[in-house]
Amino acid sequence: MFISIAESGTLTLEDADTMKSFFIVETVNSGTRGQAINALKAIAEPAEDNHYWIGIDSVITLSPRKNDPEWIEAFWQMLKAVEPYGYVDMENRLVKAHVEKIDVD
């Protein structure tokens with residue numbers, strides 16, 4: 001599963017049923033390189049090494065399955081599984097993800 005950031009700044013949650021990975025994809029071209037990521041700042045804070053802390057509730061809101069209790073339970077199970085590795089802050093309801101850039105030139 002990944003958060004897609006379009007050049008326009010639109011955020012969407014893609015591949016929502018894949019509970020084995022979570023990351024951010026910034027779609028850019030040479031004219032907008034780095035600008036699309038600003039849209040992410042509405043729901044996330046920069047962390048170290050090209051990572052962001054994202055509000056868990058914001059991820060759920062972006063999901064096309066946000067009203068599906070089974071999906072929400074599976075999402076929380078994924079978060080609990082990676083918590084020991086430092087990718088989740090349950091107290092502050094944050095999940096950490098890295099950014100991948102895809103050039104569309």
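Here the structure is shown first, and the text comes after it.
Residues numbered from 1 in each chain as written. Predicted model: local features only at pLDDT ≥ 70, side-chain atom pairs only at ≥ 80, totals over all residues. Heavy atoms only, no water.

Visitor: Mind laying out the nonpolar core, listing which residues take part and the relevant values?
Guide: Core analysis: the biggest nonpolar cluster contains 25 residues, and F22, I54 and F75 have the highest contact counts within it. Elements that contribute at least two residues to this core include exactly strand 1 (2-5), strand 2 (11-14), strand 5 (51-55), helix 1 (56-62), helix 2 (69-82) and strand 7 (94-103). No other element matches the five residues that helix 2 contributes to this core. Sequence-distant contacts of F75, that is, excluding residues within four places in its chain, are made with M1, M19, I56, V59 and I60. (Core = buried A, V, L, I, M, F, W, Y, C linked by side-chain atoms within 4.5 Å. Buried < 20%, exposed > 50% of the residue type's maximum accessible area, 1.4 Å probe, protein only. Helix = DSSP H or I, 4+ residues; strand = E, 2+ residues; numbered from the N terminus. Contact = heavy atoms within 4.5 Å.)

Visitor: Help me get a handle on the packing of aromatic side chains, residues and values and all.
Guide: According to the stated counting rule, one finds two aromatic pairs in the structure shown. Between F2 and F23, the ring centres sit 5.3 Å apart and the planes meet at 15 degrees, which makes this aromatic pair stacked. Here F2 is found in strand 1, whereas its partner F23 is found in strand 3 (residues 23-28), with 21 residues between them in sequence. Between the aromatic rings of W71 and F75, the centroid separation amounts to 5.1 Å while the plane-to-plane angle is 5 degrees, which identifies the pairing as stacked. Here W71 and its partner F75 are both found in helix 2, four residues apart, which amounts to about one turn of the helix. Since its relative accessible area comes to 0%, F75 is described here as buried. (Phe/Tyr/Trp six-rings, centres within 6.5 Å; stacked < 30°, edge-to-face > 60°.)

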